[in-house]
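Chain by chain, the residues run as shown.
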Amino acid sequence: MVPRPVAILLAGLWVAASVALGTLVVALGYEFYAWQDRHSELQDRARLVIARAEQIATDSRIALRAIARLKTVPCSPEDLAELRIIAARTTQVLDIGRMHDGKVLCDGARGMARGTVLPATTILRADGAAFWPQVQIFGDPRIHVSALARDGVIVFSRPRAAGELLDDLDRAEVAGWTRAGDLIFRRNGTPGRLVGAEHARANYAGFWNDHGIRSCASASDFCVEIAEPAPAALTRMSTTTGAVLLTAGSALGFGGLSLVWSRNASRRSLSRRLARAIRKDQINVHYQPIVRLSDRRLVGFEALARWHPPSGGAIPPDDFIPVAERDGLLPALTERVVSRAISGLAPLLAGSAEVYLSINIGVGSLFDPELPELLDYHRLRYGVDRSRIALEITERDTGDIERIGEAIRSLREAGYRVFLDDFGTGYSSLAYLATLPIDTIKLDKLFTRSADSAFVPALVLRQVSHMVATLGLKIVFEGVETEEQAQALEELTPGAVGQGWLFGRPMPAHEALTLAFA
Ligand SMILES: Nc1nc2c(ncn2[C@@H]2O[C@H](COP(=O)(O)O[C@H]3[C@@H](O)[C@H](n4cnc5c(=O)[nH]c(N)nc54)O[C@@H]3COP(=O)(O)O)[C@@H](O)[C@H]2O)c(=O)[nH]1
């Protein structure tokens, strides 16, 4: 018994750990969600900027192509009118002009420009076009434009028409550039940090890092980058959100740990109760008949463990056998089952009727060096011959097949029959059939049930039956529930035996004896 102060301290630590763990999980979830949310928002922004840049490029191309088709005298009133019309037909081009020798001669909006000289540009594109991301050109320092010139034509658009879509990102460094690394626009941050040696880098953001979105247009020579620090979302959340997170985290942590604890506690308690039931000989055995399919003659009984705790109800073997296997209780359980199983059917087994008793032996018991002695002790008490006992081996582990083989060989040499149980399920595989010295396989219910159908298990059933016959083994079909299944199985494997609810459910010893002696 743990002293009360220690128990209180442990309970306090338990609650604190639950709350801390749950809160951490919820906080990490929140952080990840907030990061993802912002990241996809920034990606959407980058897509918008790219779309705008592509539209400017397309509009400029359309304008240049249209002007190339004009037959008007450059800078004539008709020509200027055409330039205005072409610009008006686009959404992104502001104005179009004619130029010569680096000078703008005229443009649609202002007419004759009296030879405005353009500054030198560093951006020369592969198609021979020159590009000015931002230039003051109409003699008015308040007017800046972006300009693209080729073949004596210059197309003006709004400067930073794409970059302005990022103007509200206060904390972000943003930049747009050509694939060659020439800067088109930049805001915030150290000049050259985003563009330059690193301009070929792909998106570089990862969880916990700053956001780093880098994207290039497919139809124009334009790339954009957005770099934004990602401070922990938790430091920015409101008190209400914090309170909700803390409550949710505490509930989650407490609920989760309580669930783990209660599952472990119930397993521990099942194991303790099982150990006590074995000690107090409260594990009973029921017998299920095994019959020859052709004439339904009884050939054997399978002993199946039953646990009815004195407190009421029944705990199924599928629940307590795995616990026995896991907690090393299987040898003790097998000892009780062997004792009960043989004594219960002793009058039948010691007699002359050729009926056998099959007993389940898990691998944990198969390796028990005392198993042969245990079997001999109980059978000799009642004068039962070894040939009247079959041992059903169930392998629930991928275990040591050679060791299993040795154990089976020595039991068979001693005169016991050995059945391979649940054949066709998880672990009981073809490798076992080829390696283990067994004389009978018990084919799992899954296949038996398909006997009168055309489903895939039915095909497997046919192949396995054929293979078993070829290997000179015998077969017991498990889980026969209908007359149709029994007939189909008998046709498939003449002389086979079966077990299932059609022939009888597991029953207590006195009913089994009545059935056998009827
Ligand atoms: N190591 C040991 N394992 C044991 C022991 N006793 C039982 N077991 C294993 O537990 C599993 C479940 O057994 P149980 O709930 O007793 O179910 C058996 C039959 O009742 C059931 N069955 C039989 N016929 C039918 C049927 O027509 N339909 C249907 N749905 N179920 C049927 O099958 C179980 C027998 O299976 P098997 O042993 O494979 O022949 C089970 O794996 C037992 O092996 C024990 O003492 N030790």
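The rules we used
Residues numbered from 1 in each chain as written. Predicted model: local features only at pLDDT ≥ 70, side-chain atom pairs only at ≥ 80, totals over all residues. Heavy atoms only, no water. Buried < 20%, exposed > 50% of the residue type's maximum accessible area, 1.4 Å probe, protein only. Helix = DSSP H or I, 4+ residues; strand = E, 2+ residues; numbered from the N terminus. Pairing = 2+ DSSP bridges. 1 Å grid on protein atoms, 1.4 Å probe; cavity = no way out; pocket = protein on both sides within 12 Å on 5 of 7 lines; lining within 4 Å. Points joined across faces, edges and corners; volume = space filled by probe spheres on them. Nonpolar A, V, L, I, M, F, W, Y, C, P; charged D, E, K, R; others polar. Near = heavy atom within 4 Å. Polar contact = N/O pair within 3.5 Å; in protein donor to acceptor, adjacent residues only side chain to side chain. Areas by Shrake-Rupley, 256 points an atom, 1.4 Å probe, with all protein chains shown as cover. Sits in = over half its atoms within 2 Å of the grid points. Axes fitted to C-alpha atoms, helices over the stretch in contact; angles between N-to-C directions. Parallel < 35°, antiparallel > 145°, perpendicular 65-115°, else oblique. Left-handed = near helix turned anticlockwise from the far one by under 90°. Contact = heavy atoms within 4.5 Å.

Novice: Please explain the pairing of strand β14 (residues 356–362) as it appears in this structure.
Specialist: Counting buried positions over the 7 residues of β14 gives 6, a clear majority of the element. Bridging between strand β13 (residues 298–307) and β14 involves 4 bridges; their strand directions are parallel. Residue pairing across strands places A303 opposite I359, the latter belonging to β14. In this structure, β14 lies alongside strand β15 (residues 389–394), joined through 6 bridges in parallel fashion. Bridge assignment links L357 to a residue of β15, and that residue is I389.

Novice: Even after reading the chapter, I still don't get the layout of surface pockets, so can you show me in this structure?
Specialist: Space left empty within the atom packing is revealed by a probe, the size of a water molecule, rolled over the atoms. Considering only enclosed or pocket space, the largest pocket measures out at about 900 Å³ in volume. Forming the boundary of the largest pocket are 37 residues, of which E302, L304, D318, N360 and K445 lie nearest the centre. The calculated volume of the second largest pocket comes to roughly 450 Å³. Residue lining of the second largest pocket: 28 residues in total, with A53, I56, F131, I184 and F222 positioned closest to the centre. Residue assignment for the lining of the second largest pocket shows that the elements contributing at least two residues are α1 (4–68), β5 (130–136), β6 (144–150), β7 (153–157) and β9 (183–187). The element contributing the most residues to the lining of the second largest pocket is α1, with 5 residues. Taken together, the residues of the lining of the second largest pocket break down into 16 nonpolar, 7 polar and 5 charged.

Novice: Before we go on, may I ask you to explain the site of the ligand in this structure?
Specialist: Close to the ligand lie 25 residues, the nearest being E302, R306, D422, E478 and E481. At 3.2 Å from an oxygen atom of the ligand is found a side-chain nitrogen or oxygen belonging to N360. Between the ligand and D422, the relevant distance is 2.6 Å, taken from an oxygen atom to a side-chain nitrogen or oxygen of the residue. Bound to the protein, the ligand loses 90% of the 830 Å² it would expose on its own. According to the grid-proximity analysis, the pocket containing the ligand is the largest pocket.

Novice: I would appreciate a short explanation of the packing of helix α5 (residues 330–349) against helix α7 (residues 371–382) in the present structure.
Specialist: A pair of packed helices is captured by two measures, namely the crossing angle of their axes and the spacing between those axes. Close contact between α5 and α7 brings their axes to 10 Å; oriented N to C, the two are set at 20 degrees. As judged from the angle between their axes, α5 and α7 are roughly parallel. When you trace α5 past α7, the crossing you get is right-handed. In this structure, α5 uses E335, V338, S339, I342, S343 and A346 to contact α7, whose residues at the interface are L374, L375, H378, R379 and Y382. Taken together, the residues that form the contact of α5 with α7 break down as 6 nonpolar, 3 polar and 2 charged.

Novice: I would appreciate a short explanation of unusual backbone geometry in the present structure.
Specialist: Trans is the prevailing form of peptide bonds, just as negative phi is the prevailing case for residues other than glycine. Unusually for a residue other than glycine, C75 sits at a positive phi of about 70 degrees. Within the fold, C75 resides in the loop between α1 and α2 (77–88). Phi is positive for D281, close to 55 degrees, though the residue is something other than glycine. Among the structural elements, D281 can be located in the loop between α3 (239–279) and β12 (283–292). A relative accessible area of 30% means that D281 is categorised as partly exposed.

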